[in-house]
Amino acid sequence: MSAAGLNIALVGNPNCGKTALFNQLTGARQKVANYAGVTVERKSGSFTAPSGRQVRVVDLPGAYSLQSVSPDERVTQAVLQGRYPGEAVPDLIVCVADATNLRLHLRFVLEVRRLGRPMVLALNMMDAAARRGIRIDVAALSQRLGMPVIETVAVKRGGARALVAAIDGGEPVAAPAVPDIDDLHVEVRALLAVTVVMPAPTDGRDDAIDRIALHPVLGVLLLALTMFLVFQAVYAIGKPMTDAIADGFGTLGGVVGEWLPEGPLRGLVTDGLVAGLGTVLGFLPQILVLFFFILLLEESGYLPRAAFVLDKLMVSVGLSGRSFIPLLSSFACAIPGIMGTRSITDPRDRLATILVAPLMTCSARLPVYALLIGAFIPHRPVLGVFNLQGLALFCLYVAGIAAAMLVAWVAKRIGNARQERALLMELPSYRWPHWRDIALGLWERGAIFLKRLTGVMLALTVLMWAICTFPAPPAQATRAAIDYSIAGYIGHSLQYLFAPLGFNWQISLSLIPAFAARETAVATLATVYAVGGEEGAALQSALASHISLASALSLMVWFAFAPQCMSTLAIIRRETQSWRMVALSFGYMFVLAYAASFLTYNVARWLA
Ligand SMILES: Nc1nc2c(ncn2[C@@H]2O[C@H](COP(=O)(O)OP(=O)(O)OP(=O)(O)O)[C@@H](O)[C@H]2O)c(=O)[nH]1
Ligand SMILES: [Mg+2]
């Protein structure tokens, strides 16, 4: 042990509350959610114990056993066995177990004990255990296991105090060498028999909900209804706020415009910053509403059930129910989604999931969709309660999902057929969300968005404004000033490629910065039209008067399928260690997007 401090590692089965405990101990804000496989990387932090001792904590991905093979579990094995590069062997292993699910979790505890290293057991979720009337004889369990056993409630303030005291209270002692038992299940049963009293093996409330949620027909309907309502809410709740922000920025642009002297600076502020970034900022409320529901679903415990009812369908297209959660995370951003595939054991399943994850509609595309929907789809009630705009948004998300299924299916035909395996997935208890966590999660999301806005998007917007403005038109110019600018030149050249999809030069131009950050397409269009003389007019009305419905639909379809941003391609490279996968992802999405937009544009024109 280092003289300066103590190294501890948090290990245990997935979803037992290791990360919640880590956050509680170190004050970090790592992601906590109610399904297995949330943490896929090792994370470290530290705290100062009451004695003044510095304690360094590593949070590890959950593992079912020390012999498992998924990429995230391998990290946990390597750290425990001291094989992880740059990571010292922990001085103390804190094994975390879900007190309501000891039958499963104690097996892993026994497996870790075989390492013969200093260890304590944190019996977490004691609040939930108490609610279900589960009684645990902690002293007897500790005596039988030969290690300290501490009760914790990781999500309650002060719920880890006893654990801190145990960690701080003297030198860690190795768990006693025990006769190596072959069958750990037998040992677990023997332990449970003398230390735990359980009124019922499962939670009655969970069982009642699952009769619907896991029903082969009702379950699918419930999932479809849930998703549908989420997108309705994005419109019903988010849209009024978005409109208010847009109005605010319109007024601000006017005031600033009058106040600044005529010249490039005024152009930069009103056309670039206020019009461009202001328009993107306006979509923040809608993004937050979407995240609110994603966070709610993640914390509720419903997601693995959804994965379960979809498993048959997903297997039939060549994915597995395991792909569901990584794909769902991709609604936020493809990057965490692709990283989430580390919990998929089968390498082929994992690659297929990585390949299609970018087709899920990430939140950066929401501003683009919302802008075009706002400009072209009437705000009309459907069937009395729903609105047409929310329905259009839902359809775009469904298009992404359907394309992902199709691509996976094709990939399965091309790749080798393989045997289908049963989905083994743990169904966690349903849980009321902790509002503080949801609020923090939303806060974090908002912060990420604002950081993008004031970082990469700001830089791109200034750049786009500059190329829209310079060089200035010659004295005897006959066309609009912007036609003489660099942007005009690039846009017009690109238009050769995109004209068959119905994109004018302004749209073609906006696709370039979108490759760095999707939302910037909106800012660029706002800037281009503002510089082009649409002073004062909101972007939506400018779009409505300049492009046809067919072009708008084609553009939405383009954004649904087009190759994703550079960061996504970079993460594909990192996770697969293969440039071929990067080229394949880029290539198939480009072809798919081009073909689908071409079709949409021509069909829409033909129908109109
Ligand atoms: N009621 C209750 N819920 C808890 C407690 N500790 C954690 N949770 C909840 O349990 C779920 C899982 O928590 P995490 O901290 O993400 O679990 P983990 O062990 O890190 O999971 P993986 O990273 O997937 O291995 C979340 O929904 C938490 O809010 C607890 O003591 N009591
Ligand atoms: Mg975790």
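As the structure is a prediction and not an experimental result, all values here were calculated from the model.

*Asks:* Would you mind going over the overall build of the chain in detail, with residue names and values included?
*Replies:* The helix and strand inventory of the chain stands at 25 helices and 10 strands. Taken over C-alpha atoms, the radius of gyration comes to 27 Å for the chain, in line with the 25 Å a tight globule of 608 residues would show. In terms of its C-alpha atoms, the chain occupies a principal-axis envelope of roughly 95 × 55 × 50 Å. Classification of the 608 residues of the chain by burial places 54% in the buried group. In the chain, the proportion of contacts linking residues at least 24 apart, taken out of those at least 6 apart, comes to 73%. For the chain, the distance from the average position of its 49 positive side-chain charges to the average position of its 40 negative side-chain charges is 4 Å.

*Asks:* Before we move on, can you summarise the sheet that holds strand β4 (residues 92-98) with the specific residues and values?
*Replies:* The six strands are arranged β2-β3-β1-β4-β5-β7 in an open sheet whose pairing can be described as mixed. Looking at the sheet topology across the chains shown, the edges are occupied by β2 (43-48) and β7 (149-151). Going from strand to strand, the sheet's axes swing by 25° on average, the running direction of each strand aside. Looking at chain direction, β4 and strand β5 (residues 119-124) are connected through six bridges and run parallel. Among the inter-strand pairings, I93 is bridged to a residue of β5, identified as M119. Here helix α5 (residues 138-145) sits on the sheet in contact with β5 and β7, set at roughly 150° to β7. Contacts from helix α6 (residues 161-168) reach β1 (5-12), β2, β3 (54-59), β4, β5 and β7, with the element oriented near 150° to β7.

*Asks:* So what about the UniProt feature "transmembrane region" (unreviewed entry) in the chain? Which residues, and what values?
*Replies:* Under the present numbering, the feature "transmembrane region" (unreviewed entry) in UniProt falls on residues 217-238, 273-297, 317-339, 351-377, 389-411, 453-472, 538-561 and 582-604. Secondary structure across residues 273-297 comprises 92% helix and 0% strand; the distance between its end C-alpha atoms is 36 Å. Regarding residues 453-472, the helix share stands at 85% and the strand share at 0%, and the terminal C-alpha atoms are separated by 28 Å.

*Asks:* Explain the coordination of the magnesium ion (ligand 2) residue by residue, including any values.
*Replies:* Those donors, T19 (OG1) and T39 (OG1), are the protein atoms that reach the magnesium ion (ligand 2), and they lie 1.9 to 2.0 Å from it. Here T19 is found in helix α1 (residues 18-26), whereas its partner T39 is found in the loop between α1 and β2, with 20 residues between them in sequence.

*Asks:* Describe the site of ligand 1, with residues and values.
*Replies:* Close to ligand 1 lie 24 residues; K18, T19, T39, E299 and R431 are nearest. A distance of 3.0 Å is found between an oxygen atom of ligand 1 and a backbone nitrogen or oxygen belonging to G17. E299 places a side-chain nitrogen or oxygen 2.7 Å from an oxygen atom of ligand 1. Starting from 660 Å² of accessible surface for ligand 1 in isolation, the protein chains cover 99%. Class assignment of the residues belonging to the shell around ligand 1 gives a composition of 12 nonpolar, eight polar and four charged.

*Asks:* Describe α1, listing the residues and the values that go with them.
*Replies:* For α1, a buried count of eight out of nine residues is recorded, marking the element as mostly surrounded by other parts of the structure. Residues of α1 that are buried in the fold lie against β1, β2, β3, β4, β5 and α6. Once α1 finishes, G27 follows within two positions and takes phi at roughly 75°, a positive value.

*Asks:* Could you give an account of the pairing of β5, with specific residues and numbers?
*Replies:* Burial of β5 is extensive: six of the six residues sit out of reach of the surface. Taking every second residue as pointing to the same face, both faces of β5 are buried, with M119, L121 and L123 on one and V120, A122 and N124 on the other. What joins β4 to β5 is helix α3 (residues 102-113), and the crossover it makes is right-handed. Looking at chain direction, β5 and β7 are connected through three bridges and run parallel. Within β7, the residue paired with L121 across the bridge is V149.

*Asks:* Account for the confidence of the model for the chain, with residues named and values stated.
*Replies:* Interpreting fine coordinate detail is not advised for predicted regions of low pLDDT. Mean pLDDT over the chain: 87, with 95% of residues reaching 70 or higher. Predicted complex metrics record ipTM = 0.99 and pTM = 0.85.

*Asks:* With reference to specific residues and values, describe α6.
*Replies:* Burial in α6 covers these residues: L163, V164, I167 and D168. Along the axis of α6, the buried residues cluster in a sector spanning 130°; they form a single face. Backbone geometry just after α6 places G170 at a positive phi near 100°.

*Asks:* For the nonpolar core, give the residues involved together with the corresponding values.
*Replies:* By size, the foremost hydrophobic cluster in this structure holds 110 residues, and its most contacted members are L319, F324, I373, L393, L543, W558 and F559. At 11 residues, helix α17 (residues 388-414) tops the list of elements feeding residues into this core. One finds L60, L121, L141 and L192 within the second-largest nonpolar core, a separate group that totals 37 residues.

*Asks:* Please give an account of empty space enclosed by the protein that cites residues and values.
*Replies:* By the definition in use, this model includes three cavities of 30 Å³ or more. By volume, the largest cavity is sized at about 100 Å³. Contributions of two or more residues to the lining of the largest cavity are made by α9 (218-259) and α11 (284-300). With four residues, α11 is the single largest residue contributor to the lining of the largest cavity. Tallied by class, residues from the lining of the largest cavity come to nine nonpolar, no polar and no charged.

Rules and cut-offs
Counting restarts for each chain: residues are numbered from 1 in the order of the written sequence. Whichever chain is written first becomes A and whichever ligand is written first becomes 1, with later ones labelled in order. Given that the model is predicted, a residue must reach a pLDDT of at least 70 before its local features are reported, and side-chain atom pairs must reach 80 or more before they are shown or counted; all residues, however, enter totals for whole chains, interfaces and linings. No hydrogens and no water enter the side-chain calculation; it runs on all heavy atoms of the structure. By the criteria applied, helices consist of DSSP H or I runs no shorter than four residues and strands consist of E runs no shorter than two, each listed in order from the N terminus. The quantity called the radius of gyration is restricted to C-alpha atoms. Its globule counterpart is 2.2 Å times the number of residues to the power 0.38. Burial classification: accessible surface area is computed with a 1.4 Å probe over protein chains only, and a residue below 20% of its type maximum counts as buried, one above 50% as exposed, and the rest as partly exposed. We call two residues in contact whenever any of their non-hydrogen atoms come within 4.5 Å of each other. Here the positive residues are Lys and Arg and the negative ones are Asp and Glu; neither His nor the chain ends is included. Note that the charge is assigned to NZ on lysines, CZ on arginines, CG on aspartates and CD on glutamates. In this scheme, strands are said to pair when DSSP sees at least two bridges between them. Convention adopted: a line fitted to C-alpha atoms gives each axis, helices being fitted over their contacting stretch, and angles between N-to-C directions are expressed from 0 to 180 degrees. UniProt positions are given in the numbering used here, feature names are shortened, and annotations may be inferred rather than shown by experiment. Coordinating N, O and S atoms are those within 2.8 Å of the metal (3.2 Å for Na, K and Ca), and as water is not part of the atoms, a site may appear to have fewer donors than expected. Definition of nearness: a residue and a molecule or strand are near each other if at least one heavy atom of the residue lies within 4 Å of the molecule or strand. Pairing of N or O atoms within 3.5 Å defines a polar contact, subject to two protein rules: one partner must be a possible hydrogen donor and the other a possible acceptor, and residues neighboring in sequence count only if both atoms are side-chain atoms. Where accessible areas are quoted, they stem from the Shrake-Rupley method and a 1.4 Å probe; at the residue level, only the protein chains shown are allowed to cover. In the scheme used here, Gly and all other residues not listed as nonpolar or charged are polar, with Ala, Val, Leu, Ile, Met, Phe, Trp, Tyr, Cys and Pro taken as nonpolar and Asp, Glu, Lys and Arg as charged. Crossovers are marked right-handed if the path from the first strand over the helix to the second runs clockwise, as seen with the strands pointing away from the viewer. The predictor reports its confidence for every residue as pLDDT, a score running from 0 up to 100. This arc describes the spread of directions from the helix axis toward the C-beta atoms. Side-chain atoms within 4.5 Å link the members of a nonpolar core, which is a set of buried Ala, Val, Leu, Ile, Met, Phe, Trp, Tyr and Cys residues. Buried and open spaces are told apart on a 1 Å grid over the protein atoms alone, a cavity being a set of points where a 1.4 Å probe fits but cannot get out and a pocket being an open set with protein on both sides within 12 Å along at least five of seven lines. Residues with an atom within 4 Å of a point are the lining residues. Grid points are joined across faces, edges and corners, and a volume is the space filled by probe spheres set on the points.

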